[in-house]
Amino acid sequence: MSDPLIYTVGWICAVEPEAVAAGSLLDDEHESPQRRDPRDTNVYKLGSIAGHNVVIASLPSGEYGTNSAAVVAANLLRSFPNVRIGLLVGIGGGAPSHRHDIRLGDVVVGVPGDGKGGVIQYDMGKRRQGQAFEQTGCLNASPVLLRTAVAALRATYARKGHSLGQDIAGALNRWPRMRRTYSRPGVRDILYRSQCVRGEEDCGGRLSRDGGSSANIVERQLRDGEEDPTIHYGLIASANTLMKDAEARDQISEKHNILCFETIAAGLMNHFPCLVICGICDYADSHENKVWQGYAAMTAAAYAKDLLRQLPATDVEREQRLEKHLNSCERASYTLQHFDEPR
């Protein structure tokens, strides 16, 4: 059995593909913890990456949102009190634009920009009659140590490129049963125009061989000579609402320069300081499919693994324990659960 006191990295996932991808990229797997807090309902995967002892926790099956994330984080900190850094690694919906050529399978890393801390909660604010929605409040940035590691890794990639594909291939060779679901899909990456809604007859144009209207498919150049996947750095939008509206996606992303949307981070940033890493599995529109989820989860997890390689274990051990945020995290999880009770 593993000693809970040796784990310094807390890694949170939301859905099963994210947890599978994270577990597949561990250098070594550890046994279950010797003990845990009696209030803790999480299930953990333990192991090591680049000399760091890592505890991976997932949200309960069928649950998502900021409230569930806060509960999972509070439980993790109670049972693993020596965790020093946090990672939220998973999948999200991309927000492609004229500024950001985001494709399926790419990775988005939440870093500060435009006076914001890397993640914004776009549904928090005020709505007054006859006025535009006014966003209020702000979320904390990731810890300095993690942002410094991101900057170092970004500079390395600019000079040498990345090797995420090699890490993914190594994991799939080690776990061959994963190849069918977690390899890069062999289907075309299609981006529909924002006005095209899935289910509308013909979407107003001739049907393409891919099953969509050719008049409503955005033509994009091939990435000749570029690495796959591409890593993007910028703002991530988070809320309890799952974004599946391309026009709303475009409006919010244009206003705040958003790169992707997800549903977990807003519940963690002020209570479980962490870096948010998202693999792009869809375009946050009505044309959702799950074909890219496995591969997107792998690209995000591979980036997180490479990031941990940049961090000496001694530097992580010098960080303050995240347990100091436990009371705040517990209050947040209680408040959110109480707020969400049916009335």
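Residues numbered from 1 in each chain as written. Predicted model: local features only at pLDDT ≥ 70, side-chain atom pairs only at ≥ 80, totals over all residues. Heavy atoms only, no water.

- An unreviewed UniProt entry annotates the protein chain as Nucleoside phosphorylase domain protein of Moelleriella libera RCEF 2490.

**Structural notes on the confidence of the model for the protein chain**
Detail in the predicted coordinates should be disregarded across regions flagged by low pLDDT.
Okay, so step 1: When pLDDT is averaged along the protein chain, the result is 87; 86% of the residues meet or exceed 70.
Okay, so step 2: Low pLDDT (under 50) marks residues 336-343, which in the prediction has five contacts with non-local residues, meaning those over four places away or in another chain. (pLDDT = per-residue confidence, 0-100. Contact = heavy atoms within 4.5 Å.)

**Looking at the environment of I264**
Okay, so step 1: Turning to its location among the elements, I264 is positioned in the loop between β11 (258-262) and β12 (274-282).
Okay, so step 2: Taking the relative accessible area as the measure of exposure, I264 reaches 4% and is therefore buried.
Okay, so step 3: Along the chain, I264 and N67 lie 197 residues apart, while their C-alpha atoms are 8.2 Å from each other.
Okay, so step 4: Every residue in contact with I264, bar those within four places of it in the chain, is listed here: A14, L59, Y64, G65, T66, A69, L88 and S238. (Helix = DSSP H or I, 4+ residues; strand = E, 2+ residues; numbered from the N terminus. Buried < 20%, exposed > 50% of the residue type's maximum accessible area, 1.4 Å probe, protein only.)

**Remarks on the pairing of strand β5 (residues 85-94)**
Okay, so step 1: Among the ten residues that make up β5, ten are buried, leaving the element largely enclosed by the rest of the structure.
Okay, so step 2: Across four bridges, the pairing between strand β1 (residues 9-13) and β5 is parallel. Residue pairing for β5: G10 is matched across the bridge by G86.
Okay, so step 3: Two elements, β5 and β11, share two bridges in a ladder whose sense is antiparallel. When the sheet's bridge partners are listed, G94 is paired in β11 with C260. (Pairing = 2+ DSSP bridges.)

**Here's the deal with the packing of aromatic side chains**
Okay, so step 1: This structure, assessed with the given rule, holds five aromatic pairs.
Okay, so step 2: Relative to F261, the ring of Y122 lies with its centre 5.5 Å away and its plane at 85 degrees, an arrangement referred to as edge-to-face. Of this pair, Y122 sits in the loop between β7 (119-121) and β8 (125-126) while F261 sits in strand β11, placing them 139 residues apart in sequence. Of the two residues examined, Y122 and F261, each falls in the buried class.
Okay, so step 3: Ring geometry for W292 and Y295: centres 6.3 Å apart, planes at 70 degrees, overall edge-to-face.
Okay, so step 4: Given a relative accessible area of 7%, Y295 falls into the buried group. (Phe/Tyr/Trp six-rings, centres within 6.5 Å; stacked < 30°, edge-to-face > 60°.)

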